[in-house]
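Residue-level structure breakdown
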Amino acid sequence: MGRWRSSEPAGRERSRWRRSAAPREDGESPLEVAGPGANSSKLTRGLDPVCFDHAMDQISADVPDLGCSFPKCERPFRARHRGEPYCKSHYTQACERTRTGAPLRPIRPKQPAGKHTGCKFSKPQCDREHSSNGYCSTHYQQWNDSGKDDSALRPIRGWKSQAEWGPICRYRDCREPSHSRGLCSTHYGRGISQFARDAILALQNGVCLCGTSDPGEPGWHLDHDHAHNCPRHGPGRYCPSCARAMLCINCNRHGLGWYENTWRRMGNAPIPVLEEWVTRRIEFHGAVDSPEVTVSYALTNEAIQASS
């Protein structure tokens with residue numbers, strides 16, 4: 001009998017099926033199933049050409065007493081990898097080990113349903129609904145980002161549901177759909193809202209470094225310290241503690257950008273006017289997404305103290 005292959009798509013279902021050219025002694029042709037990453041195969045009869053997972057279900061049904069070969073794993077047999085029987089999870093790890101060399105790991109038992117009914121963060125007690133691992137979605141993200149350090153978690157700043165904020169942006173007369181905290185994506189400003197940016201511009205008397213009060217069509221740009229290694233954001237991204245000023249696009253890219261990235265790195269003498277702008281920091285008073293937020297210059301050096 002000739003060879004036959006299924007036309008299964010690539011991915012998890014990319015199993016190859018083939019019939020042996022040599023018939024068996026009982027006249028039947030064995031069907032060989034080769035799964036992704038498997039060097040050995042299981043011969044069985046009567047299987048339809050289905051995906052790999054369904055084939056393994058049929059195979060494992062024939063050998064119910066064959067368990068996973070990983071120590072202390074009591075999960076049922078799912079598939080073989082290089083001759084070793086594994087459960088579904090350890091079979092996936094074994095295939096991954098072939099590519100990356102990562103060792104097999106114990107399977108963490110699932111938490112019983114209903115164990116957590118809310119978020120377990122208690123400083124203060126979080127009243128948001130449970131999402132994963134005992135935390136709400138926000139505290140779980142904090143926990144995961146901090147390397148699973150419970151002590152690094154912090155309270156959620158003025159949390160409200162999206163329904164409480166409303167479906168429309170709350171910045172002045174904007175009618176765009178709300179993106180986060182009741183503001184559209186433009187006025188939310190990656191965490192430093194348009195309310196805070198307006199306050200920074202008012203602190204500068206509405207004037208840029210170059211003296212213009214009209215930035216043109218590109219609008220005003222928030223200047224921030226690119227070398228500030230914020231624990232939450234890392235280099236290249238900004239948070240409220242590294243905001244410096246509002247600039248037109250030319251001063252932002254070709255003024256302070258040139259001064260920091262070219263002039264300073266070449267070891268040239270500081271230019272007092274530009275040095276004062278790159279060393280200033282903005283201090284926020286109140287929530288940065290509140291219409292009542294106010295700002296002032298942080299007292300970081302003598303030039304800022306004099307300007308404040």
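Scroll up a little and you will see the structure.
The following paragraphs examine the structure supplied in this document. Keep in mind it's a predicted model, so treat the numbers as computed, not measured.

Attention now moves to the pattern of salt bridges. In this structure the tally under the stated criterion is eight salt bridges. Residues Arg244 and Asp223 are paired through a salt bridge, measuring 2.9 Å at the closest nitrogen-oxygen approach. Placement of the pair is Arg244 in strand β7 (residues 243-247) and Asp223 in strand β6 (residues 221-224), with a sequence separation of 21 residues. We classify Arg244 as buried; its relative accessible area is 1%. You can call Asp223 buried: its relative accessible area is 2%. For Glu275, the salt bridge is made with Arg264, and the minimal N-O distance between the two is 2.7 Å. On the criterion of sequence distance, the pair formed by Glu275 in helix α8 (residues 272-279) and Arg264 in the loop between α7 (249-263) and α8 is long-range, its members being eleven residues apart. Residue class for Arg264 comes out partly exposed when judged on its relative accessible area of 37%.

Glancing now at the packing of aromatic side chains. Taken as a whole and assessed by the stated rule, the structure comprises four aromatic pairs. Where Tyr140 meets Trp143, the ring centres are 5.7 Å apart and the plane angle is 40°; that geometry is what we call tilted. With a gap of three residues between them, Tyr140 and Trp143 both fall in helix α3 (residues 137-145), about one helical turn apart. Given the relative accessible area of 9%, Trp143 is considered buried. Between Trp258 and Trp263, the ring centres sit 5.5 Å apart and the planes meet at 45°, which makes this aromatic pair tilted. The class of Trp258 is partly exposed, set by a relative accessible area of 35%. According to the relative accessible area criterion, Trp263 is partly exposed, its value standing at 25%. In textbook terms, an aromatic cluster arises when at least three aromatic residues are bridged by ring pairs, as seen for Tyr135, Tyr140 and Trp143.

Conventions and cut-offs
- Residues numbered from 1 in each chain as written.
- Predicted model: local features only at pLDDT ≥ 70, side-chain atom pairs only at ≥ 80, totals over all residues.
- Heavy atoms only, no water.
- Salt bridge = Lys/Arg side-chain N within 4 Å of Asp/Glu carboxyl O.
- Helix = DSSP H or I, 4+ residues; strand = E, 2+ residues; numbered from the N terminus.
- Buried < 20%, exposed > 50% of the residue type's maximum accessible area, 1.4 Å probe, protein only.
- Phe/Tyr/Trp six-rings, centres within 6.5 Å; stacked < 30°, edge-to-face > 60°.

Function cannot be read off these values alone, since they describe shape.
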